[in-house]
Amino acid sequence: PKTVHSFHWPTIFMPFTARKIADMFYPQQVLPKASIPALVKEVLLYSQTDLEKIRAIWIWICHHIEYDVKGYHSKDLKGKTPEEALMTGKAVCSGYSGLFCEMCSIAGIKCTAIGGYSKGYNYEIGKTFKGDPDHDWNAVYLEGKWHLLDTTWGAGHVNENCSKFTFKYVEFYFFTHPTLFINNHFPMDENWQLISPRISIKAFENMVFRTGEFFNIGLTYIHPDVQVVNTVNGRAIINMGGNSPTLFMYNLDGRKDCALINLTTYGMKLEVLPPKVGEYKLKIYAKLLNTDEKMYSFICAYMIKCNEVDDSFKMPKAVHNPLGPSWYTEIKGIIEPSHPEPLIYCSDGQCSIKFFLDKELSFTSKLTCDELDIPDDVMRNHVFKTQKDNSVEFKIQLPSSGLYVFTIFSKEKSSRSSTFSHLCEYLISCTNEDVHLATFPKVYTSWTEECELFEPLSGILPPNTVVAFKFKIPHVKKVQVYGKEGCPLTLSSDGYWEGTCNTLDAKNLNIGPQSDQHDQY
């Protein structure tokens, strides 16, 4: 079947825009009645059109009938009549669809219950569907055509072992477009697919498993669109996109350290690197950025088959998803990155990462490598930050070859908090075993964000050598290199303090204002 990459909500919802807010929420507030006719009469009190009647019945059932978890596990309790569903306030899918049909019939709406296979809470990737149907839903006839809906899934969800039900209204399953409904509903009577061409049960089994939340949060594209994905060179890549800023998480058989997430425009690229050969269940979760919802929703699942492991790449322990710059980091205040991709290769062990700033921010950073046993205070000196005007630059000199995690933290300058928040993260790869770069010069608190270092960039200088110095240090009248001998620097016409100094056999050289008691830069 063709994959649906985009869709538009049916225009059948348009009549609701002119209705009073109170009328729209009225059915939800109606209490259960002693009989179904009495209930329908009150639920439809403010409904005039057939669409309004269907909508009112749908709203009432989704907010008042609880999924019967005990009934699901007991054959004796599974089948409930519409009357029993109303009396107990509980039902399994057949009870939901039966009650909906009965209420529609009383309201004069043409409705039918549909039985078939579903990819619900207990669905296992790779499952073969056979035998009796495992789910029921409905179709209603309105304005010359049939429309699909599922009150069971519209009401909420159960946990993994179906021992607890949680009311959580899902709008997606009301008048769902057939090309989307077929993702997780396969009717026994193929006529109820309501699509052309119709698909086979085999095609249904092979379709990637997407929950209603996938569409509910505005995602419209996913690739690959098959549920079983084989790795290539030890990696499997999943791409998806949508209509709104979305954040993502994943779970690979309980592990969260086997994949890299790179946010794209309203979507993501997920690169999965299984730790060893075998089959893995991949679950992907998402949430909209601009929402009060704190929890990520389960949106889709894959079976990842790994036939070989990429031994050349070992996932760093300190990695923090998502990686690299994106629309999310732009919101945080950094724009126009010099390196838009999250993985940086540097054969000579040196790189420079630069951003322009959209906010007044202060920064700190951290460089780590699992393969090296170097103290944090030493590793910190392998990064040199320069911030001026509306930009910030991080120069990096790697101590040796390896795969590094470079993390940038920030906070707004106006904030009273001393806490820096995670902003952006890169992976830096160097395979050149000849790389052994020294640290940058050590800087002190007097080194402000307006200062710049041009040379020397190495913190370790050779003895008895004449070394050229070049700095930009504002708001001082004189600058000097302090060692065995003092070497004053000269301010050039373009604002740089420049000069040379012989290192002689001095253990340390310090840069500071020329005075009797100088601050160290």
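Residues numbered from 1 in each chain as written. Predicted model: local features only at pLDDT ≥ 70, side-chain atom pairs only at ≥ 80, totals over all residues. Heavy atoms only, no water.

## Topic: the overall build of the protein chain
Inference 1: The helix and strand tally for the protein chain stands at 13 helices and 32 strands.
Inference 2: The C-alpha atoms of the protein chain give 32 Å as radius of gyration, which overshoots the globular expectation for 521 residues (24 Å, by more than 25%).
Inference 3: Across its three principal directions, the C-alpha atoms of the protein chain cover 100 × 55 × 40 Å.
Inference 4: In the protein chain, buried positions account for 47% of the 521 residues.
Inference 5: Across the protein chain, the fraction of contacts at a sequence separation of at least 24, relative to all contacts at a separation of at least 6, is 64%.
Inference 6: With an accessible surface of roughly 26600 Å², the protein chain has 50% of that area assigned to carbon and sulfur atoms.
Inference 7: Both charge centroids of the protein chain, one from 52 positive and one from 59 negative side chains, sit 4 Å from each other. (Helix = DSSP H or I, 4+ residues; strand = E, 2+ residues; numbered from the N terminus. Rg over C-alpha atoms; globule rule 2.2 N^0.38 Å. Buried < 20%, exposed > 50% of the residue type's maximum accessible area, 1.4 Å probe, protein only. Contact = heavy atoms within 4.5 Å. Areas by Shrake-Rupley, 256 points an atom, 1.4 Å probe, with all protein chains shown as cover. Lys, Arg positive; Asp, Glu negative; His and termini not counted. Charge placed at Lys NZ, Arg CZ, Asp CG, Glu CD.)

## Describing the sheet that holds strand β23 (residues 383-388)
Inference 1: If you trace the 4 strands from one edge of the open sheet to the other, you get β19-β21-β24-β23, paired in antiparallel fashion. Sheet topology places β19 (334-335) and β23 at the edges, where each strand pairs with a single neighbour.
Inference 2: In this sheet, strand β21 (residues 350-357) lies alongside β19 in antiparallel orientation, the contact comprising 2 bridges. Of the residues in β21, the one forming a bridge with Ile334 is Leu357. (Pairing = 2+ DSSP bridges.)

## Quick look at the environment of Asn290
Inference 1: Here Asn290 lies in the loop between β17 (278-288) and β18 (297-306).
Inference 2: Under the relative-accessibility criterion, Asn290 is labelled exposed at 69%.
Inference 3: Considered as a pair, Asn290 and Pro245 are 45 residues apart in the sequence and their alpha carbons are 7.6 Å apart.

## Some words on the domain arrangement of the protein chain
Inference 1: For the protein chain, the assigned domains read domain 1 (15-204), domain 2 (221-306), domain 3 (327-430) and domain 4 (452-513).
Inference 2: For domain 1 versus domain 4, the separation of C-alpha centres amounts to 77 Å. (Domains from an automatic or database assignment.)

## Points about helix α2 (residues 36-43)
Inference 1: Among the residues making up α2, those that are buried are Ile36, Leu39, Val40 and Val43. Considered in projection along α2, the buried side chains sweep an arc of 100 degrees and stay on one side of the axis.
Inference 2: One side-chain oxygen of the residue at the start of α2 lies 3.3 Å from the amide nitrogen of Ala38, identifying that residue as Ser35. (Arc of directions from axis to C-beta. Polar contact = N/O pair within 3.5 Å; in protein donor to acceptor, adjacent residues only side chain to side chain.)

## Some words on the sheet that holds strand β22 (residues 361-368)
Inference 1: The 4 strands lie next to each other as β20-β26-β25-β22, forming an open sheet whose pairing is mixed. Each end of this open sheet is capped by a strand with a single partner; those strands are β20 (343-345) and β22. Put simply, the sheet's adjacent strands are angled 25 degrees from each other on average, direction ignored.
Inference 2: Here strand β25 (residues 402-412) pairs with strand β26 (residues 421-430) via 9 bridges, running antiparallel. Paired with Thr407 across the bridge in β26 is Glu425. (Axes fitted to C-alpha atoms, helices over the stretch in contact; angles between N-to-C directions.)

## Brief notes about the packing of aromatic side chains
Inference 1: Counting across every chain of the model gives 30 aromatic pairs.
Inference 2: Here Tyr26 and Tyr46 contribute two aromatic rings whose centre-to-centre distance is 4.8 Å and whose plane-to-plane angle is 85 degrees, an arrangement assigned as edge-to-face. With Tyr26 in helix α1 (residues 21-29) and Tyr46 in the loop between α2 and α3 (50-64), the pair connects residues that are 20 residues apart, well separated along the chain.
Inference 3: Under the relative-accessibility criterion, Tyr26 is labelled buried at 15%.
Inference 4: Relative accessible area serves as the criterion here: at 41%, Tyr46 is assigned to the partly exposed category. (Phe/Tyr/Trp six-rings, centres within 6.5 Å; stacked < 30°, edge-to-face > 60°.)

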